[in-house]
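# Reading the structure
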Amino acid sequence: MTTVGLIGSGLIGGTVARLAVDAGYDVVLSNSRGPETLRELVDELGPAARAATPAEAAEAGDLVVVTIPLKAYRNVPVEPLAGKVVIDTNNYYPDRDGKFPELDNGSTTSSELLQQHLPAAKVVKGFNNIFYTHLRELARPVGAADRSALAIAGDDPAAKATVTAFFDAIGYDTVDAGPLAEGRRFEPGSKAYGGTYAGGSTDFWQVSGVPVDADALRALLA
């Protein structure tokens, strides 16, 4: 795997792209506004990065990160993602996304909605419970005493192994929370969301990141 495609290149997407480039990957960035709006980010990331349309990013990526608001999930290109591993960073925020009755009543999860939209892809939930500045700050090399872990959930073991290897390359250990439905264990409102990487602060976006190792994260997911 050499290329990471990004459908959405905002705060989380841009951070994942930076970590990926630092780890030696090529990245193909996209958003809903067009490749020309990503020129500054591409210039910052250097020759390993280029901008494209969402369909082109989906086609180019060996691994693809979908990091757009939930309300837009039906806009994710379907055919180019067939057979590919897709990391879904999304969370459900009703004030932003509007109401989804099936999410409000707990009958499904946001990542399962994306999986239904992408029936031939292999969706793994990840990156959704950490603030983007903490994601950048807390990346550490293999063997570092203060290395943090990130949670994943997914239905395909091979896809989860692929994501685990990617997380390892960009500076994180991984804790497997189980099937895709168990992604709710690290969504907003859970013990493992947000403040986990901010020393428990409820205003986690205002403080520096605090390392969380795999054992500590596993306990929060229990």
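Please refer to the structure higher up on the page.
One structure accompanies this document, and this report is about it. Starting afresh in each chain, residues are numbered from 1 along the sequence in its written order. Local features are withheld for residues below a pLDDT of 70 in this predicted model, meaning they are given only at 70 or higher, and side-chain atom pairs are given and counted only at 80 or more; totals for whole chains, interfaces and linings count all residues. Processing note: side-chain calculations cover all non-hydrogen atoms of the structure and skip hydrogens and water entirely.

## Topic: helix H6 (residues 110–117)
An α-helical segment advances 3.6 residues per turn. Residues three or four places apart therefore align on the same side. Counting buried residues along H6, six of its eight residues qualify, which places the element largely inside the surrounding structure. Whether two residues are in contact is decided by their heavy atoms: any pair within 4.5 Å suffices. Only DSSP runs of H or I reaching four residues or more are called helices, and only runs of E reaching two or more are called strands; each is numbered from the N terminus. Looking at the buried residues of H6, the elements they touch are strand E4 (63–66), strand E5 (85–88), helix H5 (101–104) and strand E6 (122–125). For every residue, the accessible area obtained with a 1.4 Å probe (protein chains only) is divided by the maximum for its type, and the residue is called buried under 20%, exposed over 50%, and partly exposed between those limits.

## Looking at the pattern of salt bridges
Whenever Lys or Arg places a side-chain nitrogen within 4 Å of a carboxyl oxygen from Asp or Glu, that contact is recorded as a salt bridge. One pass over the full model with this rule turns up ten salt bridges. Residue Arg185 pairs with Glu182 through a salt bridge whose shortest N-O separation is 3.7 Å. Through salt bridges that share partners, Arg147, Asp168 and Asp173 make up one connected network.

## Here we look at the side chain of Ser110
Looking at the secondary structure, you find Ser110 in helix H6. Any pair of N or O atoms that falls within 3.5 Å is considered a polar contact. Within protein, one atom must be able to donate a hydrogen and the other to accept it, and sequence-neighbouring residues count only if both atoms are side-chain atoms. Within the structure, Ser110 has its side chain in polar contact with the side chain of Glu187 (distance 3.4 Å). Non-local contacts of Ser110, meaning those with residues more than four positions away in its chain, are made with Leu70, Asp88, Asn90, Asn91, Leu103, Lys125 and Glu187.

## Structural notes on the packing of aromatic side chains
For any pair of aromatic rings, the description consists of the separation of the ring centres together with the inter-plane angle of the planes. Under the pairing criterion, centres of Phe, Tyr and Trp rings, with the six-membered ring standing for Trp, must be within 6.5 Å; the plane angle then separates stacked pairs below 30 degrees from edge-to-face pairs above 60, leaving the rest tilted. As enumerated under the stated definition, the model contains eight aromatic pairs in all. Measuring from centroid to centroid gives 4.7 Å for Phe127 and Phe167, while their planes differ by 50°, and the two rings are tilted. With a gap of 40 residues between them, Phe127 in the loop between E6 and helix H7 (132–137) and Phe167 in helix H8 (residues 157–170) connect regions that are remote in the sequence. For the pair formed by Phe127 and Phe167, the shared burial category is buried. Ring centres of Tyr193 and Phe204 lie 5.9 Å apart, and the angle between their planes is 85°; this geometry places the pair in the edge-to-face category. Note that Tyr193 is positioned in the loop between strand E8 (173–176) and helix H9 (214–221) and Phe204 in the loop between E8 and H9, a separation of eleven residues in sequence. Like Tyr193, the residue Phe204 is buried in the burial classification. Cluster of aromatic residues (ring-pair linked, three or more members): Phe131, Tyr132, Tyr193, Phe204 and Trp205.

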